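Topology and contacts: notes
This is what each chain is made of:
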There are 2 protein chains.
Amino acid sequence: MAITAKRCACRLVLEQQHKFFRQLARSCYLKVKEEFKNLDYETESEYTFKYSDLQTTLCDPSQLRQKPEVADLKFGHIFTDHMFKVSYHKDLGGWQKPHVGPFENIELHPAAKVLHYAIELFEGMKAYRGADGRIRVFRPDLNMHRMNNSAESAGLPTFDGNELIKCINRLIVVDQEWVPHYESSSLYIRPTLIGTDGTLGVMSSNSALLYTILCPVGHYFGGAVRLFADPAFTRAWPGGCGDRKMGANYGPTIRVNQMAQRHGCQQTLWLYGKEQQITEAGTMNIFLFYVNELGERVLATPPLNGLILPGIIRQSVIEICEEWGDFRIEERPVTMDEMIKLVRKNRLLEMFGTGTACTICPVDSIYYKGQLIRIPTVEQKLPLFVKIRKRLLAIQYGHIEHPWAVPIE
Amino acid sequence: MAITAKRCACRLVLEQQHKFFRQLARSCYLKVKEEFKNLDYETESEYTFKYSDLQTTLCDPSQLRQKPEVADLKFGHIFTDHMFKVSYHKDLGGWQKPHVGPFENIELHPAAKVLHYAIELFEGMKAYRGADGRIRVFRPDLNMHRMNNSAESAGLPTFDGNELIKCINRLIVVDQEWVPHYESSSLYIRPTLIGTDGTLGVMSSNSALLYTILCPVGHYFGGAVRLFADPAFTRAWPGGCGDRKMGANYGPTIRVNQMAQRHGCQQTLWLYGKEQQITEAGTMNIFLFYVNELGERVLATPPLNGLILPGIIRQSVIEICEEWGDFRIEERPVTMDEMIKLVRKNRLLEMFGTGTACTICPVDSIYYKGQLIRIPTVEQKLPLFVKIRKRLLAIQYGHIEHPWAVPIE
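Residues numbered from 1 in each chain as written. Chains lettered and ligands numbered in written order. Predicted model: local features only at pLDDT ≥ 70, side-chain atom pairs only at ≥ 80, totals over all residues. Heavy atoms only, no water.

If you check an unreviewed UniProt entry, chain A appears there as Branched-chain-amino-acid aminotransferase from Agrilus planipennis. Under the UniProt heading Sequence similarities (unreviewed entry), the entry covering chain A gives this text: "Belongs to the class-IV pyridoxal-phosphate-dependent aminotransferase family." (UniProt positions renumbered as here; feature names shortened; annotations may be inferred.)

In structure tokens, the structure reads:
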């Protein structure tokens, strides 16, 4: 009992620490503002845009598009009628007025920094239509925290995440008919921040565009996936930006994914270093559920050491399993060698990926050095991944009241 | 004499090998085409666009902008009146008709892959107005070779580089009044290739836009630069894409460059690994000119091992110095330790960066672990970097006839 209370307290601190840091950033900002109050360029908008400034322009009813059948939902192919936009111009005092308006193309100067130097980042979130008809977004505060971290790394302006959450909620309300009515589907939310300066030269962008688009989605992958593992390719490395959701982490993976597909694999299992640490699987975090030498069941996942993205589903899976307290949880590096040994000894029970797009995705095999390693994930009687998925879905679709699923107003 | 002949032969092979590979690729393509000739989607445009299809739309004279004074030329801020564009759509048979038209904004779907996953790459080339009034482009075939390599890594369509060279030449002819008349300046050429599919999901783009913009430029940096070296940051790593000119290599450097500037440095000296190998300086390749323990003068530069960009000025510097035969040339890893020892023993004569934007840029100091390491590059009586720069300028501005400077028709 004492341990559980301690765990809960720790979790609370972890959950709240970004709020503390935001508060700290805000008070630092106010102090700086105080010192510079005579400089006329210093305005509130330097720090953040505000929901209270949001303007909305609705589509003409004739422009509204037909909603797709749930069965036709291919990930990321169909978008809703509206989008959210707010621009940043350093010379105009920073963030401008936010706006929800019709979904439309973006016009960019051909030298825009995003097009040349990948000064860009994004987030992935989901809204779910609950059993009670209410729409809930899953842990949006964590996405906002990560998005601001990415912005700092890309030299792009940061903002108050709560203001963006409120703006996005407004967008969802405007397009609420697009939130699917089936539990097999949801509304994917894609906040994006790009550098728009129309000047060549590798330097930070003095102007930026933050926008958000929405798309109704079904399942990201079909069933269990086969992964392609080749130590010749590396996704991230110490001193890089593998723990930020920046565009730069994705472009270089395309060619490896193509290779994976040629080997009949859906995703790449990214390895790192001579010891071939398992780091991520495609765009997912990765978990191994196994029996250790003492006969204990263990859920292991790579640690947040800069080489992997701090996934929100990853964090939620760890927290759910900690709450259950049924087995050990280890955040530590796992190597290919260790995994292969576990498979040989029939001690690897399950392997699954986690991410906002797929929630939880079982792995059934790995193509490695010309051989296929089979993982019995989907052959377990009551697989752990199914139990966790059920718990997550229950929270997301409002079958149980939970602070992680935040209803939009 | 024998050695020189051998060297020349080797160089010839190296220079011509990409043509051979292109030829090989072309013949493979033709073979594949032959096998698939009954499939109706297989068209010539699948392989490349063609200069013979180029259409030109000139600006209305009222739209033409005033040319800037050479003294006002800030790198990458002023663009010419026209641009080149050609789009690729897999569903429409591949490459479409190329077009030179007025310089204008680019319209993109908000989900365009370039804006989210950095599916993008570019090149940097220059055109020079020679002493004889003719305009020459410096080694464009090497840029085309590198651009196709980048395209392959980004999962974007490749093309026949000769066709793009001819299209770019046409663009330069249209905007020829923009090629500066002073030897302190030139016309910077920026071919860019971006993935334009309007769908979310990390996968290759079925549509793309290749475009080229031009800007008259002066010097990239003023004089000698100070570099910021911090082993905490890594630009590229084995198994990554550091040897491709993809946007993904640049976005993550912005934050480090900002740190460099806060320490009074113009660029970052990128280090790699525990032994702190010197790899690149900002967007430049790096050279050290020193006296070794035998009293011999040596020009050293990191090898093309995947960690650095295969620079065209880098290659040209090596080839020029090989031709001179005045000192040893070594392509090998150089560590910070070695460099510091050379400085302490007064044996490091010069350090300079090379790149298309700056041509050759001397380094006068390095900020490293809180200390400033001074390099006597600009204090030499007859610095090597000045001698090489003179040779390059003589070629680029047509003071000597040379196959590297290709006159546009």
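Points about the overall build of chain A
Secondary structure summary: chain A contains 8 helices and 21 strands in total. Residue pairs at least 24 apart in sequence account for 72% of intrachain contacts in chain A once pairs closer than 6 positions are excluded. Accessible surface, chain A as shown: approximately 17600 Å² in total, 51% of it carbon and sulfur. (Helix = DSSP H or I, 4+ residues; strand = E, 2+ residues; numbered from the N terminus. Contact = heavy atoms within 4.5 Å. Areas by Shrake-Rupley, 256 points an atom, 1.4 Å probe, with all protein chains shown as cover.)

Things to note about the pairing of strand E7 (residues 125–129) of chain A
All names here are of chain A. The buried fraction of E7 amounts to 5 of the 5 residues, a majority that puts the element mostly inside the structure. Relative to strand E9 (residues 186–195), E7 is paired through 3 bridges, and the arrangement is antiparallel. By the bridge assignment for E9, alanine 127 is matched with leucine 187. The sheet contact formed by E7 and strand E8 (residues 135–138) spans 3 bridges and is antiparallel. Note that in E8 the partner of alanine 127 across the bridge is valine 137. Once E7 ends, the chain turns through 5 residues before running back antiparallel as E8, passing glycine 133 with a positive phi of about 85 degrees. (Buried < 20%, exposed > 50% of the residue type's maximum accessible area, 1.4 Å probe, protein only. Pairing = 2+ DSSP bridges.)

Regarding the environment of His109(A)
Note on placement: His109(A) falls in the loop between strand E5 (106–108) and helix H2 (113–117). The spacing of His109(A) and Thr196(A) is 87 residues in sequence and 7.4 Å in space, taken between C-alpha atoms. Apart from the residues within four sequence positions on either side, His109(A) is in contact with Leu115(A), Gly198(A), Phe79(B), Phe103(B) and Asn105(B). Reaching out from His109(A), the side chain makes a polar contact with the backbone nitrogen of Ala111(A) at a distance of 2.9 Å. (Polar contact = N/O pair within 3.5 Å; in protein donor to acceptor, adjacent residues only side chain to side chain.)

Thoughts on the relation of the copies chain A and chain B
It takes a turn of 180 degrees to lay chain A on chain B, together with a shift of 0.0 Å along the axis; the resulting RMSD is 0.0 Å. Here the symmetry operator amounts to a two-fold rotation axis. The overlap is high: 100% of the interface residues of chain A also sit at the interface in chain B, so the same surface is used on both sides. (Least-squares fit on C-alpha atoms with pLDDT ≥ 70 in both.)

Quick notes on the UniProt feature "modified residue: N6-(pyridoxal phosphate)lysine" (unreviewed entry) in chain A
Residue and element names in this part refer to chain A. Per the UniProt record, "modified residue: N6-(pyridoxal phosphate)lysine" (unreviewed entry) is annotated on Lys245. Residue placement: lysine 245 occurs in the loop between strand E11 (225–229) and helix H5 (254–262). When residues no more than four places from it in sequence are discounted, the contact partners of lysine 245 are Leu121, Phe122, Glu123, Gly124, Arg146, Ser150, Tyr250 and Leu309.

Remarks on the packing of helix H3 (residues 140–153) of chain B against helix H4 (residues 161–174) of chain B
Residues and elements named next belong to chain B. Two elements in contact, H3 and H4, have axes whose closest approach is 9 Å; the angle formed by their N-to-C orientations is 125 degrees. On the basis of the axis angle, H3 is oblique to H4. When you trace H3 past H4, the crossing you get is right-handed. From H3, Pro140, Asp141, Met144, Met147 and Asn148 reach across to H4, where they touch Gly161, Leu164, Ile165 and Ile168. Grouping the constituent residues of the contact of H3 with H4 by class yields 6 nonpolar, 2 polar and 1 charged. (Axes fitted to C-alpha atoms, helices over the stretch in contact; angles between N-to-C directions. Parallel < 35°, antiparallel > 145°, perpendicular 65-115°, else oblique. Left-handed = near helix turned anticlockwise from the far one by under 90°. Nonpolar A, V, L, I, M, F, W, Y, C, P; charged D, E, K, R; others polar.)

Considerations on H3(B)
Residue and element names in this part refer to chain B. With 14 residues, H3 should cover 20 Å at 1.5 Å per step; its first-to-last C-alpha distance of 20 Å lies within 8% of that length. Summarising burial for H3: 10 of the 14 residues are buried, a large majority. When we look at burial in H3, the residues that qualify are Pro140, Leu142, Asn143, Met144, Arg146, Met147, Asn148, Ser150, Ala151 and Ser153. Of the residues trailing H3, glycine 155 is marked for its positive phi of about 65 degrees. (Expected span 1.5 Å × (residues − 1).)

Observations concerning the pattern of salt bridges
All names here are of chain A. As enumerated under the stated definition, the model contains 32 salt bridges over all chains in all. In this structure, lysine 85 and glutamate 104 form a salt bridge, with 2.8 Å as the shortest nitrogen-oxygen distance. On the criterion of sequence distance, the pair formed by lysine 85 in strand E2 (residues 82–89) and glutamate 104 in the loop between strand E4 (99–102) and E5 is long-range, its members being 19 residues apart. In this structure, a network of salt bridges that share partners links the residues Arg328, Glu330, Arg332 and Glu338. (Salt bridge = Lys/Arg side-chain N within 4 Å of Asp/Glu carboxyl O.)

Digging into the nonpolar core
Leu115(A), Ile172(A), Leu115(B) and Ile172(B) are the most contacted members of the largest nonpolar core, which totals 122 residues. Not counting residues up to four positions away in its chain, the partners in contact with Ile172(A) are Ala127(A), Ile135(A), Val137(A), Val179(A), Leu187(A), Ile189(A), Leu214(A) and Ile408(A). (Core = buried A, V, L, I, M, F, W, Y, C linked by side-chain atoms within 4.5 Å.)

Re the interface of chain A and chain B
By a widespread convention, an interface's size corresponds to the accessible area lost as its parts come together. Residue-level contacts link 62 residues of chain A with 63 residues of chain B. By the criterion of area lost to chain B, the three top residues of chain A are Leu115(A), Leu200(A) and Trp237(A), representing 13% of everything that side buries. Put simply, chain A and chain B have 0 salt bridges between them. Elements supplying a minimum of two residues to the side of chain A that touches chain B: E5, H2, strand E6 (120–122), helix H3 (140–153), E9, strand E10 (207–217) and H5 of chain A. (Buried area = accessible area lost by both parts, 1.4 Å probe.)

Things to note about the pairing of strand E20 (residues 371–374) of chain B
Regular strands have side chains that alternate between both faces of the sheet. Residue and element names in this part refer to chain B. Strand direction decides the pairing type here: strand E19 (residues 359–368) and E20, joined by 4 bridges, are antiparallel. Across the sheet, residue serine 365 finds its bridge partner in E20, namely arginine 374. The turn linking E19 back onto E20 is made up of 2 residues, and lysine 369 within it adopts a positive phi angle of 50 degrees.

A word on the domain arrangement of chain A
All names here are of chain A. Per the domain assignment, the segments making up chain A are domain 1 (51–217) and domain 2 (225–398). Here the C-alpha centre of domain 2 lies 28 Å away from the C-alpha centre of domain 1. The interface of domain 1 with domain 2 comprises 28 residues on the first partner and 21 residues on the second. Of the roughly 2100 Å² buried where domain 1 meets domain 2, counting both sides, 60% is carbon and sulfur surface. The largest contributions to the domain 1 side of the interface with domain 2 come from Tyr128, Phe138 and Arg146, which together make up 30% of the buried area. Our enumeration of links across domain 1 and domain 2 arrives at 1 salt bridge. Close ionic contact of arginine 139 with glutamate 319 constitutes a salt bridge, the shortest N to O distance being 3.1 Å. For the pair domain 1 and domain 2, the number of links is 15 residue pairs in polar contact (both at pLDDT 80 or more). Counting only elements with at least two residues in the side of domain 1 that touches domain 2, the list comes to E6, E7, E8, H3 and E9. Per-element accounting of the side of domain 1 that touches domain 2 gives the leading share, 6 residues, to H3. (Domains from an automatic or database assignment.)

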